[in-house]
Amino acid sequence: MFKGKSIRFHLMRHMDYMGTLTFFVFCISLGWYLFFENNVAGSSEKMIAAVLSFLGIVFGMTQFFITQINIRKKKFFDLRYSAYKEIVVKVESISQMVIEVMVSGENNEPHGLVSKLMNSGNEFMLLNRLNTEYLFPGLTKKNSAIQVNSTLKQLLIRTDEFRKCVERVIINEENFKDDPVYIIEKMNWNNDMNGILRSLHQSRYQYYKDLRVYL
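As the structure is a computational prediction, the values presented were derived from the model and not from experiment. (Residues numbered from 1 in each chain as written. Predicted model: local features only at pLDDT ≥ 70, side-chain atom pairs only at ≥ 80, totals over all residues. Heavy atoms only, no water.)

**Quick look at the side chain of Lys 90**
- Within the element layout of this structure, Lys 90 appears in helix α3 (residues 44–104).
- Ignoring sequence-local partners within four residues, the contact set of Lys 90 consists of Ser 120, Glu 123, Phe 124 and Leu 127. (Helix = DSSP H or I, 4+ residues; strand = E, 2+ residues; numbered from the N terminus. Contact = heavy atoms within 4.5 Å.)

**With respect to the packing of aromatic side chains**
- Counted under the stated rule, the structure contains nine aromatic pairs.
- With centroids separated by 5.3 Å and ring planes inclined at 55°, the aromatic side chains of Phe 24 and Phe 59 adopt a geometry described as tilted. Placement of the pair is Phe 24 in helix α2 (residues 15–37) and Phe 59 in helix α3, with a sequence separation of 35 residues.
- Phe 24 gets classed as partly exposed once you look at its relative accessible area, which sits at 21%.
- With a relative accessible area of 46%, Phe 59 lands in the partly exposed category.
- Among the aromatic residues, ring-to-ring pairing joins Phe 23, Phe 64 and Phe 65 into one connected group. (Phe/Tyr/Trp six-rings, centres within 6.5 Å; stacked < 30°, edge-to-face > 60°. Buried < 20%, exposed > 50% of the residue type's maximum accessible area, 1.4 Å probe, protein only.)

**A short note on a nonpolar patch on the surface**
- Side chains of Met 15, Met 18, Leu 21 and Val 25 sit close together on the surface and give an oily, nonpolar patch of about 390 Å² of accessible area.
- Mapped onto the elements, Met 15 comes out in helix α2. (Patch = residues over 30% accessible without salt bridge, like charges linked within 9 Å, V, L, I, M, F, W, Y side chains within 5 Å. Areas by Shrake-Rupley, 256 points an atom, 1.4 Å probe, with all protein chains shown as cover. Salt bridge = Lys/Arg side-chain N within 4 Å of Asp/Glu carboxyl O.)

**Some remarks on the pattern of salt bridges**
- Taken as a whole, this structure holds seven salt bridges when the rule is applied.
- In this structure, the salt-bridge partner of Arg 204 is Glu 92, at a minimum N-O distance of 2.9 Å. Highlighted residues: Arg 204 in helix α6 (residues 180–212) and Glu 92 in helix α3, separated in sequence by 112 residues.
- Of the charged contacts, one joins Glu 161 and Arg 158 as a salt bridge, the two residues approaching to 3.9 Å between their closest N and O atoms. With Glu 161 and Arg 158 both in helix α5 (residues 143–172) and three residues apart, this pair spans about one turn of that helix.
- A relative accessible area of 12% means that Arg 158 is categorised as buried.

Encoded structure:
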């Protein structure tokens, strides 16, 4: 199914060239009709000069159209590649942020982590809204994109739940780091993060692969 969609996408990308090819064939057919079928140029000497001039104009216009198409496609490719890099960096930074907190044990202050995740998640969603349908049409409907978006939301939701738990412990006790409830919740958060990150690891590379199809 995705292979068929990919083929259709590549055909759409080359529609501009198809239009130029159609123009070229039409001009050649018109020239054949005028010069060889109806002999509008008259004598052989005039016909040769007219045919050469006509072909020069046709080839020149065709080359001009192809050059303009290539320039436009190059600019569009640059936009796509820039957006692709931004998306990859943002997804990787979110994953790395959680891993660093888990390894360093700094999740005793999850407020900052939640804030960073929320900012990064909002930036990722903004990138999707601004670029996806314009630069990567149909990407949001693919399983990899749906899975990545869902997993990133799970990261934020689960971390926010841990933040609320910490706030409740802080209200009850000053030395909350030694509180059994906090210790258990921190272990649960780490375990849940391991599972969510594994899911993200499995889906993000397919997501990047689906993005590269558009380049």
